[in-house]
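Coordinates in review
Chain residues, written in single-letter form:
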Amino acid sequence: MIILGDKEYFKGIGAIPYEGKDSDNPLAYKFYNADQLVAGKTMREHFKFAMAYWHTLCGTGGDPFGPGTKNFPWAVAGDTLQAAKDKADAAFEFITKMGFEYYCFHDYDLIDEGDTLAASEKRIHQIVEYLKEKQAASGVKLLWGTSNCFSHPRYMNGAASNPNFDVVARAGAQVKIALDATIALDGENYVFWGGREGYMSLLNTNMKMEQDNIGRFLNMAKDYARSQGFKGTFLIEPKPMEPMKHQYDFDAATSINSIKAYGIENDFKLNIEVNHATLAQHTFQHELQVAANAGMLGSIDANRGDYQNGWDTDQFPNNVLETTEAMLVLLKAGGLQGGGINFDAKTRRNSTDMEDIFLAHIGGADTFARALLVAEAVMNMSAYNSLVDKRYASFTSGKGADFVANKLDLNDLYNYAKSKGEPDQISGKQELFENILNQYL
Ligand code: XLS
Ligand code: NI
Ligand code: NI
């Protein structure tokens, strides 16, 4: 059901229908058909698409060379609380028109930070009460909340990793309030993206102390939230650089190592973002697989980078081939554990029509839907699975199976190899795999 506030912000745009791939209606889904079953689940269940409050409603397109370009009609009220309510109205109008079921926020996306911690907390309580009503009226849910512990100047040297305890404590207070808000709104997950948790120069940095402090901090946050009844998953979102030169949560493998070192592996999983993966010189699908192997594939921040740029451009997904490889990983892993697909993406600075926000999200949802359909076809109809199985067949019988069952020692390998002679040369068949994907696109 479409939920409007007092005003309609996206005039002339109704509920986005699914019209199939032959439709020439730009404001219709061509592939995302929420109720369609794919590999045993509806598309809606596979994806749990979410709108990101910050990019969709807050960022007006400013860059280092000029101010914002987007005149959002919900950002005009002089009164802070009214402006926040207007923004929430726009959010729920947009989400329900898209047919999405989820949203994600940072605390101060919802409402501007106050002059003191107490004033900020009061503001967050006020807007949370309003959001509760909007959620109840629409059925829209909170995929995850997080706190912005990186924008305010006090966090210029980091939050949980700050060399000054007073700042660490201030970040703790902010996270407590954001956790309270997330719990009050039945948030299904809580994200930690370590914005400025990293360093610029080792000369002035005690790296060990900073990382140990992050571990203490995350344990405190987890213990507090659990004591308040939070049943959801905590997610760490890896990113290798930007804003800091070295970010502590560089990539999935590094973050998994930290999670285990901090002793929080039963409560934390990963939120994998496409553009962060590519900034780390990995592919998106690699990062998903690393997370899945550790049982920590929690959620996805969907966007894309620019192959010619070295920063987080956060463009909407439109690469079906890349997304298909990702959906193969997802299907084989049995889906996301508790999370969804959050469009952590923004329209370009010169995309200034209100309609562009819809077009961007429609394109992103269609990219994922199309990729999922291709991935399902590849898994069911092609030789793909049997080709992979064949590649590892030597581990399913004889000495190979004994090896996998941990029944051999190094001498056994020695004796086997001696009796076998030079191994056969077996092609990796990469081009054939690539052709199969192309065939089903
Ligand atoms: C920034 C991150 C951020 C997180 C939430 O690069 O992607 O948007 O998702 O703090
Ligand atoms: Ni993100
Ligand atoms: Ni990002």
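What you see is a predicted model, and the numbers here were worked out from it, not measured in a lab.

The rules behind the values
Residues numbered from 1 in each chain as written. Chains lettered and ligands numbered in written order. Predicted model: local features only at pLDDT ≥ 70, side-chain atom pairs only at ≥ 80, totals over all residues. Heavy atoms only, no water. Helix = DSSP H or I, 4+ residues; strand = E, 2+ residues; numbered from the N terminus. Rg over C-alpha atoms; globule rule 2.2 N^0.38 Å. Buried < 20%, exposed > 50% of the residue type's maximum accessible area, 1.4 Å probe, protein only. Contact = heavy atoms within 4.5 Å. Donors = N, O, S within 2.8 Å, 3.2 Å for Na, K, Ca; no water. Salt bridge = Lys/Arg side-chain N within 4 Å of Asp/Glu carboxyl O. Near = heavy atom within 4 Å. Polar contact = N/O pair within 3.5 Å; in protein donor to acceptor, adjacent residues only side chain to side chain. Areas by Shrake-Rupley, 256 points an atom, 1.4 Å probe, with all protein chains shown as cover. Nonpolar A, V, L, I, M, F, W, Y, C, P; charged D, E, K, R; others polar.

**Observations concerning the overall build of the protein chain**
Along the backbone of the protein chain there are 16 helices and 12 strands. Against the compact-globule benchmark of 22 Å for 441 residues, the protein chain has a radius of gyration of 24 Å, which places it among compact chains. Put simply, the protein chain has 441 residues, and 50% of those count as buried. Pairs at least 24 apart in sequence give 76% of the contacts found in the protein chain among residues at least 6 apart.

**Remarks on the coordination of the nickel ion (ligand 2)**
Looking at the nickel ion (ligand 2), one finds its protein donor set to be Glu-237 (OE), Glu-273 (OE), Asp-301 (OD) and Asp-344 (OD), positioned 1.9 to 2.1 Å from the metal centre. Of note, the nickel ion (ligand 2) draws all its donor residues from one chain, in the sequence arrangement E-x35-E-x27-D-x42-D. Separating the nickel ion (ligand 2) from the nickel ion (ligand 3) is a gap of 3.9 Å, which Glu-273 spans by donating to each of them. Taken together, the residues span a long stretch of sequence, with Glu-237 in the loop between β8 (233-236) and β9 (246-247) and Asp-344 in the loop between β12 (341-343) and α12 (354-381) at a distance of 107 residues. As far as burial versus exposure is concerned, Glu-237 and Asp-344 are alike and both buried.

**Digging into the pattern of salt bridges**
Tallying each qualifying case throughout the model produces 13 salt bridges. One salt bridge connects Lys-48 with Glu-188, and the closest N-O pair in it is separated by 2.9 Å. With Lys-48 in the loop between α1 (43-47) and β3 (49-52) and Glu-188 in the loop between α6 (165-184) and β6 (189-192), this residue pair connects regions lying 140 residues apart in the sequence. A salt bridge links Glu-113 to Arg-154; the nearest nitrogen and oxygen atoms lie 3.0 Å apart. Taken as a pair, Glu-113 in the loop between α4 (107-110) and α5 (117-138) and Arg-154 in the loop between β5 (141-146) and α6 lie far apart in primary sequence, 41 residues in all.

**Points about the site of ligand 1**
Taken together, Trp-54, His-106, Trp-144, Trp-193, Glu-237, Lys-239, Glu-273, His-276, Asp-301, Asp-312 and Asp-344 make up the full set of residues near ligand 1. Glu-273 has a polar side-chain atom sitting 2.7 Å from an oxygen atom of ligand 1. Between ligand 1 and the protein, one listed contact pairs an oxygen atom with a side-chain N or O atom of Asp-344 at 2.8 Å. Starting from 290 Å² of accessible surface for ligand 1 in isolation, the protein chains cover 93%. Along the lines of polarity and charge, the residues of the shell around ligand 1 split into three nonpolar, two polar and six charged.

**Considerations on the side chain of His-276**
Turning to its location among the elements, His-276 is positioned in helix α9 (residues 274-279). His-276 gets classed as buried once you look at its relative accessible area, which sits at 4%. Residue contacts for His-276: discarding those within four places in its chain leaves Trp-193, Glu-237, Pro-238, Lys-239, Pro-240 and Asp-312.

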